[in-house]
Each structure stands twice: as structure tokens, then as C-alpha cells.
Amino acid sequence: MINAVLVFNNAGQPRLTKFYTQLETSVQQRLISEIFTLVANRPNSACNFLPLPPLLVNSSKSSTPTTPHNDTPSLVTYRHYATLYFIVISTSTESPLALLDLIQVFVQALDGLFENVCELDLIFNFETLHAALAEMIVGGVVVETQLDKVIEGVRSQGTVAKRPVNEGKGGMGFAGFGRGDGNIWAGR
Amino acid sequence: MFEKSLYDLIRGLRNHKGTEKEYIDESIKECRKEIRSTDMDLKSTALMKLTYLEMFGHDMSWASFNVLEVMSSPKWRHKRTGYLAAVQSYRRDTDVLLLAENQLKKDISSPTPPVITLPLVAIPHVINPSMASSVLSDLLPRLTHSHAAIRKKTVVTLYRLALVYPETLRPAWPKIKERLLDDSEDPTVTAAIVNVICELGWRRPQDFLPLAPRLFDLLVEGGNNWMAIKLIKLFATLTPLEPRLIKKLLPPLTKIIRETSAMSLLYECISGIIQGGILEAVEGTTEGEEVARLCVGKLRGMMVIEGDANLKYVALLAFDKIVQSHPYLVSQQQDVILECIDDPDISIRMRALDLVVGMVNSDNLTAIVGRLMRQLRNAPIATSADNPANDRARATGVTPYAESDDSDAEESLRHHEQRSDQPPPLPEDYRVNVIRRILDMCSRDTYSNITDFEWYIDVLVQLVRVSPATSSSAVEEQSDFDQADDIGRGIGCELQNVAIRVKSVRPEAVDAAQSLIFVDLRDQMFPSSGNGGQGVLEYASWLVGEFASYLTKPEPVLSSLLHPTSLQLPSKTLAVYLQAFPKVFASLASNEQISWTPERKTLMSLLMARIIHFLEPLSIHPNLEVQERAVEYLELMRLASEAASGTDTGVEHGEFTEPPLLLTQAIPALFSGAELNPVAPGAQRQVPIPDDLDLDTPINPNLQYLLSQAELEGFEADEDDVYAAYTEPPESYTEAQAPVAISASERLDAPHKEPTSYQNATEDEYLDPDIIARRKAERKERYKDDPFYIDPEGDRGSGAATPLGRIVRENNTELDIDSIPIMDLELEKRGPSPGGEDIARARSPRRAPRQVEIMGDETLGSNDAPSDPSREDAISPRFATAQARGKKSLLEVDSSGLGSLSLDDDDNSGRKLTRFELERKEQEEAEMKRALAEVERLRLEMQRASERLEVKGETVVKKKKRKVRKAEVEGALPQEPAGDAEGATGDGEGEVALVKKKKKKKVKPEGGDAAEEGKEAEGVVKKKKKKRRVISMDEGAPVDAEE
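Not measured: the values here are computed from a predicted model.

Calculation rules
- Per chain, residue numbering runs from 1 following the sequence as it is written.
- All chains are assigned letters beginning at A, and all ligands numbers beginning at 1, according to the order in which they are written.
- Where totals are concerned, whole chains, interfaces and linings use all residues; where local detail is concerned, this predicted model gives features only for residues with pLDDT of at least 70, and gives and counts side-chain atom pairs only at 80 or more.
- In computing side-chain values, all of the structure's heavy atoms are included and hydrogens and water are not.
- Labels follow the DSSP assignment, with helices taken as runs of H or I lasting at least four residues and strands as runs of E lasting at least two, numbered in each case from the N terminus.
- To sort residues, take the accessible area from a 1.4 Å probe on protein chains only and compare it with the maximum for the residue type: under 20% means buried, over 50% means exposed, and anything in between is partly exposed.
- The criterion used for residue contact is that any of the two residues' heavy atoms lie within 4.5 Å.
- Where accessible areas are quoted, they stem from the Shrake-Rupley method and a 1.4 Å probe; at the residue level, only the protein chains shown are allowed to cover.
- The pairing test for Phe, Tyr and Trp rings, Trp by its six-membered ring, is centres within 6.5 Å, and the orientation test on the planes gives stacked under 30 degrees, edge-to-face over 60, and tilted for anything in between.
- A ring is scored as having a charge over it whenever the NZ atom of a lysine or the CZ atom of an arginine sits within 6 Å of its centre and within 35 degrees of its normal.
- The quantity called pLDDT is the predictor's confidence in a given residue, expressed from 0 to 100.
- Note: two strands are recorded as paired if DSSP finds a minimum of 2 bridges between them.
- Every helix has an expected span of 1.5 Å times one less than the residues it contains.
- What the arc describes is the spread of directions from the helix axis to the C-beta atoms.
- Polar contact is the term for a pair of N or O atoms within 3.5 Å; when the atoms are in protein, one must be able to donate a hydrogen and the other to accept it, and sequence-neighboring residues count only if both atoms are side-chain atoms.
- Salt bridge, as used here, is a side-chain nitrogen of Lys or Arg placed within 4 Å of a carboxyl oxygen of Asp or Glu.

1. With respect to the overall build of chain B
Piece 1. Counting its secondary structure elements, chain B contains 48 helices and zero strands.
Piece 2. Across the 1043 residues of chain B, 47% fall into the buried class.
Piece 3. When contacts within chain B are restricted to residue pairs at least 6 apart in sequence, long-range pairs at least 24 apart make up 73% of them.
Piece 4. By element, 54% of the accessible surface of chain B is carried by carbon and sulfur atoms, the whole surface being about 52500 Å².

2. Regarding the packing of aromatic side chains
Residue and element names in this part refer to chain B.
Piece 1. Using the criterion set out here, one finds 16 aromatic pairs over all chains in the structure.
Piece 2. Considering the side-chain rings of Trp173 and Phe208, the 5.3 Å spacing of their centres and the 85° angle between planes classify their relative orientation as edge-to-face. Residue Trp173 is found in helix α10 (residues 169–181), and its partner Phe208 is found in the loop between α11 (187–201) and α12 (212–221); the two are separated by 35 residues along the sequence.
Piece 3. Look at Phe208 and you get buried, because its relative accessible area is 0%.
Piece 4. Both rings, one in Tyr447 and one in Tyr456, keep their centres 5.9 Å apart while their planes meet at 55°; by these two values the pair is tilted. The burial state of Tyr447 is the same as that of Tyr456; both residues are buried.
Piece 5. The ring of Trp62 has Arg32 sitting right over it, with the charged end atom 4.1 Å from the ring centre.

3. Notes on the confidence of the model for chain A
Residue and element names in this part refer to chain A.
Piece 1. Considering every residue of chain A, the mean pLDDT works out to 79; 78% of them sit at 70 or more.
Piece 2. Per-element confidence in chain A is highest for strand β6 (residues 137–138), whose mean pLDDT is 94, and lowest for helix α2 (residues 54–60), whose mean pLDDT is 68.
Piece 3. A low-confidence stretch, residues 59–68 stays under pLDDT 50, and its non-local contacts, those more than four residues away or across chains, total twelve contacts.
Piece 4. Contacts of residues 167–188 to residues separated by more than four positions or lying in other chains number 60 contacts, the stretch itself having pLDDT below 50.

4. Side note on the pairing of strand β1 (residues 2–9) of chain A
Residues and elements named next belong to chain A.
Piece 1. For β1, a buried count of eight out of eight residues is recorded, marking the element as mostly surrounded by other parts of the structure.
Piece 2. Pairing between β1 and strand β5 (residues 84–91): seven bridges, direction antiparallel. When the sheet's bridge partners are listed, Ala4 is paired in β5 with Ile89.
Piece 3. Where β1 lies against strand β2 (residues 14–19), five bridges are found, and the strand directions are antiparallel. For Val7, the partnering residue across the bridge sits in β2 and is Leu16.

5. Concerning the pairing of β2 of chain A
Piece 1. Burial runs high along β2 of chain A: six of the six residues are buried.
Piece 2. From the end of β1 of chain A to the start of β2 of chain A, which pair antiparallel, there are four residues, and Gly12 of chain A there has a positive phi angle of about 85°.

6. Digging into α10 of chain B
All names here are of chain B.
Piece 1. The terminal C-alpha atoms of α10, which comprises 13 residues, lie 17 Å apart, in line with the 18 Å expected from a rise of 1.5 Å per residue.
Piece 2. Those residues of α10 lying buried are Leu169, Ala172, Trp173, Ile176, Arg179 and Leu180. Along α10, the residues classed as buried sweep out an arc of 125° about the axis, all on the same side.
Piece 3. Residues of α10 that are buried sit in contact with α9 (148–164), α11 and α12.

7. Some details on the side chain of Thr83 of chain A
Residues and elements named next belong to chain A.
Piece 1. Locating Thr83 in the fold gives a position in the loop between β4 (73–81) and β5.
Piece 2. Judged by relative accessible area, Thr83 falls into the buried class, the value being 2%.
Piece 3. At 2.8 Å, the side chain of Thr83 forms a polar contact with the side chain of Glu119.

8. Regarding the side chain of Gln333 of chain B
Residue and element names in this part refer to chain B.
Piece 1. In this fold, Gln333 is placed in the loop between α19 (327–331) and α20 (334–341).
Piece 2. Polar contacts involving the side chain of Gln333 include one to the side chain of Arg300, which spans 2.8 Å.
Piece 3. If we ignore the near neighbours within four places in the chain, the residues touching Gln333 are Val296, Arg300 and Phe319.

9. A look at the pattern of salt bridges
All names here are of chain B.
Piece 1. All told, the structure shown has 37 salt bridges over all chains when counted by the stated rule.
Piece 2. Ionic pairing is found between Glu34 and Lys49, a salt bridge with its closest N-O pair at 3.1 Å. Highlighted residues: Glu34 in helix α2 (residues 20–34) and Lys49 in helix α3 (residues 40–54), separated in sequence by 15 residues. Of the two residues examined, Glu34 and Lys49, each falls in the buried class.
Piece 3. Several salt bridges share partner residues, and in doing so they unite Arg151, Arg179, Asp182 and Glu185 into one network.

Structure (C-alpha cells):
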């Protein structure tokens, strides 16, 4: 299952924190900071999977290293879009590649909701951000992976505000969003 | 007053560059005030702001009650804010959870779908066992709600209920199953159910076998890749239980592998086939071979494909899962896997490292270790700035910093993913990890993979040099556990192990230990940064002591041991040092064949004087172990020294004089005895207890008397130098010199690199030049009579290196036949090669793989049946349970409770509960009853209180007035912790109560009845803080409270 979903920017400033286990606020911050340190040092060619941050390694050391327990968070997946890092911490029962696609769907959903989404949209509408996530993941279990259903679900809860007008000049209009290498949901 | 909205807060943050901290503190203070307002809009906005700040680590647990207030607002907008705040801020110990339960139940039963969604999403975050069973009855009907979105979320919420209270799954499961089997069910709901079943599945696969046909249909129908992946994962756990599934699964799986365009699905198919044991099941058939080829081929393709590191990573993951069961499949891919060890990406390296440890054998060990060593040697050592532990605000929180408005936060996220471009240096823990893996690989199965132990010893020495510095805090006097963790000690342990187990390389091992001990080599042998690898000294010093007779240079070793810098070693190492030099000294002094000449006498006296000089300060060392050993040997050396000076030397040349017996006999006898052999861990316990062993009778009945005598006699020898040793102030211990520093320019002089050749190219890359030089000298020595050996030192150029080639080249105009050497095969002449003193020991002439005798562990009786199990248990269980129980991982959601819950509804009633289960169940039920009673009591009280308020409209008005007064009181008390809802205890509450009383008196004449009621209500209020809050909540939402 999924243990946590985090979004932070290039400076490590959190934009969304969602832990599917109850965790002390200070521990949450430490974990975010550790993951940020790991992720910020990644070279260009690196894969989208992080080694476990020290906070998670220490506690999982007790079980045998070769076969991590299925309940133990053992996979940290991330994707980096423009100024934001999207992180998913999960157990080994999740499929790593599918999680990458899941993040992609999440970002696409945000893009659909905000029309050319950028970090500012997420800062000023963090409730919508949470709502979009709740449409996809409930209690650490994925409930929806189809883009249109996610967007529809969020919209049904009320109109999605755009960011305040004086806050920015709008997105930069990049086309060709996504990887387009057959990694996105083919069955969608 | 003008309140800030969330937008204002964020804007404000962005405009307060440099003073964010103050701004946030100020804002939180405002929120504390606003959140107590009766205006729901204001309250909700304040909560929103707090939730936003919580993201940055600002605690908002004090507002938990206000969260509940906002949750109970009838307005959807407020509710949503309240629920979000609850999800983000409620923790296990939040006490209002008990009250929130009521609200959750109410909202689950709401008629509007968006409102139902809120508790469904929130419950997984706040659920506890007592709540679970009470909420269950409200949740179950939602499984048949008309909206698919509600149904799918309910399924997941039910799963989370089952995690905290497994019994809830019993009533829920049949309904979930019904949804799954319903063909007309919305596909998204089916997908959610499959997700949940997949989570449940690996815990109790047997319960889901009956569903296999339906799941199979879903897999074949396809459509949703995410669901297909989950199905495949589920089937991989089912196939071991039901082999017939394999035949059925194979065609659709191979079809997906061939046809799908989604890489994730392809990958999961392959890993499902491998993990589900499908490969073994179809082994031998042509079909099976085809599948195996297909899977492994695809995995290999993932490894070699250019530009997608993710595929490389997951392929390694897949290989890692099968390396134990299918080693042959993995070793076929050895070439590509080994490439990954050097991948620039640390994640891939780690995976490859894990994998490689599993696939190592005697053929590839050298190559693998070589690669790893090269990595360690060539990568820059990570600076402390790169260490995640030192980075950023490690403490409590991050302050949201003020970004200027033109920051790149507006950049569209559509931007293609990007990352920084710098290669990371090797982090310390990775280094440690690599070294540990190397040691693991090499020592596996009592060194069964190693053919060349001389090579292994060289590797160990090299490892010491590349080991990272131990963290600065972990230097001395630490707990034993941490010290055992030190990587230097790990290496030392290996060196010791090899020296003892493999007799044929003992000289080499001692040689290596000797070179590690030498003080003047220290800069070369140990990394310049920090004290990395120094733990090895403990073992090296033991080796030079124990095997002192093998030492080639015992005297320099002794002086190194006695070097003033040794005093600064950790006490544990120092204790071993103390044990080592008497042994070395004994081996130096023990020769009774050499005459006791004046030179020898002087030499011995000098050595002993040095030892005494070294020991004296240590006799008051703070570490008891060191102190004790120092005192013992100090006495011994003083005795020996007296004996030496008292024995006259032979005056005449040639006359044999007996050396003092104390030196030649007594001291060596202390250290020589039975040969040391490795002993199996259980061997000691297999020694039978002698029948006549009587442990009860005291050995000496007069013990008490003897002890008291000893105390009396204790301090007789006052004048003696023993006393002096204890009382004299230590001089040299404190003034021990710092290690001699080398000038910086000398450090910069790069060691001269030996010219490389194909012969030693690989070793060159991971062994330091001096080790290579030594190896080369040995090799040259060994092959110098071999006409076919191409000497790398010889002339360069192809074909010129053999003696034959040289002749050809020198006289390339005309060939002089006579100068071609004709080798005489003088077999008898090829004795031990004459060498310098340093390589005096004859090494085995050929390095070609040879059979080395490795000593196994000694034990009694049969090796594999370790004594009687009860005694075995006596030692191990504490450790084992400690491991099994272990600390739960930070984010882990424990699902172990599900393991014992059977979902098989048929034989449910017939199932016999074990006594343990029964007891547990009873206990749980009793607990549940208590919790329910408590909840019910509170609810009744709440209800009564609110009824009173509602029925008497008058009272409500009055209460509102009082509320205003209350606010005034608080305003007048600035020192009161601002707006802490829970903090309104103690004096604050007292004050409020006082005001209330005054007010009540005023009210009384107006309406006796109402006042009476109010009095009662207040009685409740005063009795319990919690209840007071409940009332004010109902005030805030009078319409709501009517329900």
C-alpha cells in the first residue's frame, strides 16, 4: 500500500503532505527533509527510485534485508516536474513502474483542473490539491487511476478556483506533456 | 478588525522575506483568537490557515476541538476544511476522537454524496479499534450507494477498518464479495475491490482461491492496467496454492507480454510469472522453455536499453527476487548486472549490490570484488556537507520562506521532468555497505568461494585504506554494539579469521598485520581523513602478538607497538596492544641457543626499559581493563629486567653463557600452549558435564578468613616501586605526542605510478601501488626462470618482451641464431628461489588455483545436529524474538492482525478457536464494551445538555451573552496562553466560572425557571471541560443540533 504522498519544490518547501499513518509533525518534517536531501542530489540520468532515507532504513533493519516485510515501506518513487518534486512512499506490494504512472496521472489531473498548472496554483489552492489526491488514493489504497474520473470527482465538489490574477502571468504553454513513450496508461 | 484569508497569509509570507518566523508566529496568534470566534466563516478560515502552516511543521494539535467544531458545521465548505484539518492533524492520542466519532457517523449517513465522501476519506486516518466497530454499521449500507465513487471509497475504508480491528471484516467481506462478483458493477468499483483484495491477498491467499475464476475473467477482459497489475500480483500469491491455475494463466500472461504497450504491465507480468513459480511448473516442456526465454530476454532488454534507468532498476528488482530460487537464470545475465555496479545512479548501484551478493561464486568473485574495490578507491570521499544528516533544518520544521513574486513558481508543471546534472560523491553509508558486502561475499560458507587467499589478504589491506572515517562522535568509550559496528573491526576480524583458519597463508596474514601496525606506514595504510579503519588495529595487534614467530621484523613491530601515539588509541585496542607486546618480546628474547653476550644483554635491557616506560603511565589508565593488564605486565617486566641485569654475560668470545631462564623459559611459557583453532558456536555446550562435577561445595571453606587476612596484609610493601607506580603522577600519558605530521607539499606528491601492463591492469585499478609493487616483485621472483613469462618491466612493444623477441628486435637486420638462448632444464637446480631477507619465506611457486585447506569450526559430535534443542533455545530466543518484534517501521501500517482472520464463511462456525484466540477475543470484546459504554455515556450527556439549550431559547441567548463576557475576560488577561482551547484550564477557567456565577445572580430574578435550568447546565459545564466544549459546539450550530 501507499504510505505517504509528498510534494515539495526545488527548495524543499512542502506543498502537500499526506501520510497514511499517524505521525508526529516533527517526524514528518524530518522525513521530508531527508527525502529532499536524497532527491536534490540526483543526477540527470538517475532513475526515479530513491534509496530509503535514514529514518526508514533504521527502523526496517530489524527484518532481514533481502526480503523486506510486505508491510514495511521500502520503495520511494519520485518524479520531478518543473519546480516540484512528487514523492510516493510505498511498500513492496506496489508496482514501481505503475506508481510512476500514477504520479503522472495525478499531475495530469491537476493540469486538467487548473489549466496549465504551475506551483503557484497549488500553493493557493491546496485544498483542491488535497481533494484531487483523495479522489485517487484513500487510506493508502488507490481507488482511481483514470484521469477523467479524477477530474470529474474533484469538480463535483465545487468549482476549482484559479490562482489570483495578480499572482502570475499564467503558465508557459508547454506542449508535449508527459513522456509519451508508452508508459502512460494504455488502457485508459 | 480585518481578518486575513488564506490568500492573505500566503501573500504575506511571500512579502516578509527574512522575517517569516515572526510573521508566522504573529499569524498563529491571530488564528488562535479567530478560531474561537462564533462566526463559522472566521473559524473555518483560521483553521484553514493553521492547516496550511501545519504542513511546514507548526503544531496545531491544540486546535483539535476547533477542528471538530468546523467539521460539524452544516455548510459543505466549512465541513471540507474541518475534515482536511482532521486528516492532517489528528494523531493517535488526540482525545476529541471520541467525540468526532459521532460526527463521522452522522456524515456517513448524509444524503448528499460529497458529504459522505468526507468521512470516508478521513476515517482511514483517524480510526481506532473502538471506533471501528461502531462506524461499521453505518459504513456497510454505503456499499450499495447509488454513486460508484461512494461505493469504491467505502470498500477501501472498510479495509482500513479491518486493519485496526480485523473482526469488522467478517460482516463486511460477504458484501464486498457480492460487489466483486456483480458483472454489472461499475468498473472503477471493481478495480478498487481488486486493489483491496490484493492487499489482503498476500496475508491469506487461501481465502481468495474461490474467487479465482472471477479474477481470471477480469484479467482477460483487461481494460484497466492498474487493476491488471494488481491481479497479476495477486495471482502470483495464489499459484503456489493452486497449481492448476498455472496452465490457465500462462496463455493470457504471455499474450499480455507480447502485446501490451504499457511497460509497467509488461514488467509485472514477467515478475509475476517468475515469482508465482510458474517457471518451475512448466519446466521441461517446450512451452516452458519458451516462456523462460521470453521473460529473461525481456528483463535483459530492460537492462541494456539506453536511457531508461527506471527499467534497469526494476529489472534488478526482479532479478533480486529470483536470485535465490533461480540462480542460473540470474547468472546468465552476469555481464549486464555487473555493469550496473558501476552505474552513476546510487539507487541502481545499491540494487545491483544486493543482487551481486546473491550470485557470487568462486569464478566471478575476483571480478566482482575487483569492480567494487575500484569504485571505492576512485570515487571521491563524500564531504560532511553531502551527508544528509547535516543538511538543512534537521530539527523541527521548515519556515516557509518568502519567495519574490517573480519566482519560478509560475513555471508550468508541464515542463518536461528535469533534474540537476551533478554526479553524487560516494556517500559514507554506501561505502560502509560495499565493504560489508565484500566481506560477506568473501567469507561466505567458510571462504568456499576464495581460491587465492593471498589476494584476499591484499584486498583486506586495501579495504582498510578506503574505509570511511567513523563518525566523529563515535570515537572512544562507546557502547559495545556501536564498536562492533565499526567497519575497521569487521576487516580486522576477517584478517584474524583467515590467519587462523588458513594455515598456509598465515605468514602472509601476519605480514599484513605487521604492515598495519607499523607507525611509520600509518599514513599510507590508513585513509588520511579521520580515523577510518583504525578498528583493524585491534585485530592486527592480536595477530602480531599471537603469531610473533612469523614476524619478519619483530623489533620494528615492537617499537611501533610501543610508539607514544599508541597511547591515544581507544582503550579497547590499547588493551589488545598491551597483550601483544609481551608476546612479541617473548619471541625476541626466548632464543636459548644464542649466548648471553653483552650486546644481547644491552638489547634486552633496552627493550624492557622501553616497555616499562610505556606501561608506567598506563597503570593508572581510566579503563580498568587497560589498567589491569598494564599493571600485570609492568610487574613481569620489572622482574625480567632485574633478572637480566643480574645475569652476568659471557666475557670471552665464543664462550656460551646461559641467558636468564626467566626470559627464555618463563615468559614464553605464558604465551605458548595449545594451538588455537576455530570452534563452532555450539561446541561448548556439547561438552558433556562430568559426573563427578560438584558445583555446590565451596572450593576453599576458609575463603572468608583468607580474604580478611589478605586485606590486612594489603599495604605492607610501601617503599616498593609498585607503590610508586600507583602513586606517581603520570607524565607521559598526558604529554603523549601528537602523530608526526607530514608537510602538505609531501602529501601532494602523488605516489609514483607503476607503468601498467595487461598483466596487472585490473588489480592496478583497485589495489594501491605499493601493494601491487609487492605482488609484482613476488611474481617476478616466481617466474624469473620461465622463458614464456612476458616481463612487463622489460622492453616495451609487442613481441619484444620475451627474451626471444628481444633478440629478434635487436638484430632485426640479420638474425644471429647463436644468441637465441637454449634453456637447460636443470630440474635439480630450481630449488627455493634465493631472495632478500624480506621475501625469505618460500611462497608456493605457482599461484594457479590450488586447493587450500580451510579449517572448519571444531565441534563435538555431528556438526549439523546442534545438541539438544532446549539448550539451543535458551540462548537464541531472546535474540530471535527481539528481532521478530523489532521496531515497527516508521510509516508502517501493520496488517498482521489479518493473518489470523479466516474469511472462509463456510466453515466459519465450525472453526475451532484456539484457547489463545478465545482469550484474546474475550479481552477485545470486554474492551470494546467498556469503550462503547464510555462513548454512550458521553453522547447521552451531550444530548442532554444540548436538549436543555435547545428547549429553552432563553437559555441559549443568555449563554451567548456569557460567551461574550468570557471573551472579555480573556481579553483582559493578556498573559494567558493565547487562545488555547485546552489551555483554558486552571486559573482561566476559575475566572470564567466566577464571572458566570455573578451573571447567574443577575439572571435569577428575571425568570426563575430558566435560571434553574441554566444553573444545571452550568453545573455540567463546570464538571467537565470536555462537556463545556460540546455545548459551545452546539451553540455554533444550533440547526445541526436539532437532529
